[in-house]
Amino acid sequence: MLRNQIDKIRLLFRKDRESYLCFYRILGFYPHNIQIYEQALLHKSSAVRSEKGRPLNNERLEFLGDAILDAIVGDIVYKRFEGKREGFLTNTRSKIVQRETLNKLAVEIGLDKLIKYSTRSSSHNSYMYGNAFEAFIGAIYLDQGYERCKQFMEQRIINRYIDLDKISRKEVNFKSKLIEWSQKNKMEVSFELIEQFLDHDSNPVFQTEVRIEGLPAGTGTGYSKKESQQNAAQMAIKKVKDQTFMDTVNEAKLQHSMPSEMDTELVEPELTESEAMEPDTLETKTPEVETAANEVETTVNEVEATETEKA
């Protein structure tokens with residue numbers, strides 16, 4: 001509290017106090033390093049560069065925020081649902097940190113109006129708000145530390161916008177979402193049961209692997225095949241956000257679409273019916289036609305010979 005009062009007094013002497021006030025309304029506290037929050041809202045399409053000429057965007061902060069968000073939400077869910085199994089906790093956390101939820105949260109707190117991006121860029125997509133939210137979490141962590149970051153999530157986000165009991169009961173079909181994505185992007189997706197074993201209580205456990213264009217994209221374990229597929233699909237959905245992985249997938253897809261050596265062998269073009277008939281008609285005689293022609297020639301010669309004798 002005292003820290004906020006000191007920051008508020010300092011704010012009176014700053015030229016960029018409007019920016020500080022803007023972030024204060026979202027965060028509930030004044031930033032120490034406002035530049036890191038501003039960078040969290042720089043989409044890569046904005047083409048902003050540092051004084052040294054390096055691109056400035058929120059991708060590194062997004063990477064950091066993704067990990068911090070997983071830890072904080074996992075902490076909150078673990079303490080909220082005592083006695084629940086690991087699978088339940090994992091699914092509940094996933095529903096909170098999934099892209100659709102983060103997109104909505106970004107809009108709720110007003111981040112969507114602060115993001116800088118190029119309107120001409122095709123990369124302005126439905127993931128941008130959620131990515132910025134993750135980067136914003138990364139900025140809070142670097143500026144204020146883990147505890148303040150967790151406090152922000154609990155007091156300013158969870159308590160205001162998320163009903164944990166309700167979201168824990170919500171069914172999310174990750175397998176359907178992945179298949180829908182694959183159809184939209186024309187990618188081949190397969191689910192393979194790779195292992196089946198018994199746990200320490202002799203309950204059957206299944207492990208499924210998801211493959212995208214033949215490449216492993218995620219594995220999932222569950223007490224049924226359906227549960228293991230859902231968990232694997234959930235991991236794969238997160239994996240397809242990794243550009244390095246998607247570059248590898250696109251290369252594999254290109255290899256699959258290339259014709260084989262047998263297909264690339266030269267094949268003589270087929271002739272039309274008229275083209276096929278012309279050479280035989282003009283240059284070649286069948287045995288039957290040749291015999292008939294000889295007979296006609298012989299008959300003509302005999303007739304000529306008879307006429308000569310009569311003359």
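Our structure's up above, just so we're on the same page.
Residues numbered from 1 in each chain as written. Predicted model: local features only at pLDDT ≥ 70, side-chain atom pairs only at ≥ 80, totals over all residues. Heavy atoms only, no water.

Trainee: Please clarify how the overall build of the protein should be interpreted in this entry.
Mentor: What the protein contains, in helices and strands, is 15 helices and three strands. Pairs at least 24 residues apart make up 55% of the contacts formed inside the protein by residues separated by at least 6 positions. A total accessible area of about 21,000 Å² is found for the protein, and carbon and sulfur atoms account for 50% of it. (Helix = DSSP H or I, 4+ residues; strand = E, 2+ residues; numbered from the N terminus. Contact = heavy atoms within 4.5 Å. Areas by Shrake-Rupley, 256 points an atom, 1.4 Å probe, with all protein chains shown as cover.)

Trainee: Would you explain the nonpolar core in this entry?
Mentor: Across soluble globular proteins, you tend to see nonpolar side chains buried next to one another. Within the largest apolar cluster, 43 residues are counted, with the highest numbers of intra-cluster contacts made by Y37, F133, F136, I137, I140 and M153. Of all elements in the fold, only helix 2 (17–27), helix 3 (34–40), helix 4 (59–80), helix 5 (86–97), helix 6 (99–109), helix 7 (128–144), helix 8 (146–161) and helix 9 (164–169) reach the threshold of two or more residues within this core. With eight residues, helix 7 is the largest single contributor of residues to this core. When near neighbours in sequence (up to four residues on either side) are disregarded, F136 contacts F23, I26, L27, Y37, A40, L41, L111 and F152. One finds I212, A233, M246 and V249 within the second-largest nonpolar core, a separate group that totals 15 residues. (Core = buried A, V, L, I, M, F, W, Y, C linked by side-chain atoms within 4.5 Å. Buried < 20%, exposed > 50% of the residue type's maximum accessible area, 1.4 Å probe, protein only.)

Trainee: Explanation requested: the packing of helix 7 against helix 8 in the structure shown.
Mentor: Geometry of a packed helix pair, given as the angle between the helix axes and the separation of the axes. For the pair helix 7 and helix 8, the least separation of the axes is 7 Å and the interaxial angle reads 135°. Classified by the angle their axes make, helix 7 and helix 8 are oblique. Contacts from F133, F136, I137, I140, Y141 and Q144 in helix 7 reach Y146, R148, C149, F152, M153 and I157 in helix 8. For the contact of helix 7 with helix 8, the class distribution of residues is ten nonpolar, one polar and one charged. (Axes fitted to C-alpha atoms, helices over the stretch in contact; angles between N-to-C directions. Parallel < 35°, antiparallel > 145°, perpendicular 65-115°, else oblique. Nonpolar A, V, L, I, M, F, W, Y, C, P; charged D, E, K, R; others polar.)

Trainee: What am I meant to see in the packing of aromatic side chains here?
Mentor: Aromatic rings considered in pairs are described by the distance between their centres and by the relative angle of their planes. Evaluation of the coordinates by the stated rule reveals six aromatic pairs. Note on Y24 and Y30: the rings are 4.3 Å apart at their centroids and 15° apart in plane angle, and the pair reads as stacked. The class of Y30 is buried, set by a relative accessible area of 5%. Put simply, the rings of F23, Y37, F136 and F152 touch in pairs and so form one group of aromatic residues. Directly above the ring of F81 sits R80, whose terminal nitrogen or CZ lies 5.2 Å from the centroid. Just above the ring of F88 sits the side chain of K84; from NZ or CZ to the centre is 4.9 Å. (Phe/Tyr/Trp six-rings, centres within 6.5 Å; stacked < 30°, edge-to-face > 60°. Lys NZ or Arg CZ within 6 Å of the ring centre and 35° of its normal.)

Trainee: Looking at this model, I keep getting lost on the pairing of strand 1 (residues 189–198). Mind explaining?
Mentor: Along any regular strand, the residues point their side chains to alternate faces of the sheet. Of the pairings in the sheet, the one linking strand 1 to strand 2 (residues 204–212) comprises nine bridges and is antiparallel in character. Counterpart to F191 in the pairing with strand 2 is V210. The hairpin turn running from strand 1 into strand 2, its antiparallel successor, is five residues long, and S202 in that turn takes a positive phi close to 65°. (Pairing = 2+ DSSP bridges.)

Trainee: I keep staring at helix 8 and nothing clicks. Help me out?
Mentor: For an α-helix the count is 3.6 residues per turn, leaving residues at separations of three or four pointing the same way. An ideal rise of 1.5 Å per residue puts 22 Å on 16 residues; helix 8 measures up with 21 Å between its terminal C-alpha atoms. Remark: the principal bend of helix 8, roughly 30°, maps to E154. Listed in full, the buried residues belonging to helix 8 are C149, K150, F152, M153, R156, I157 and I158. (Expected span 1.5 Å × (residues − 1). Bend = angle between axes of the 7 residues up to and from the residue.)

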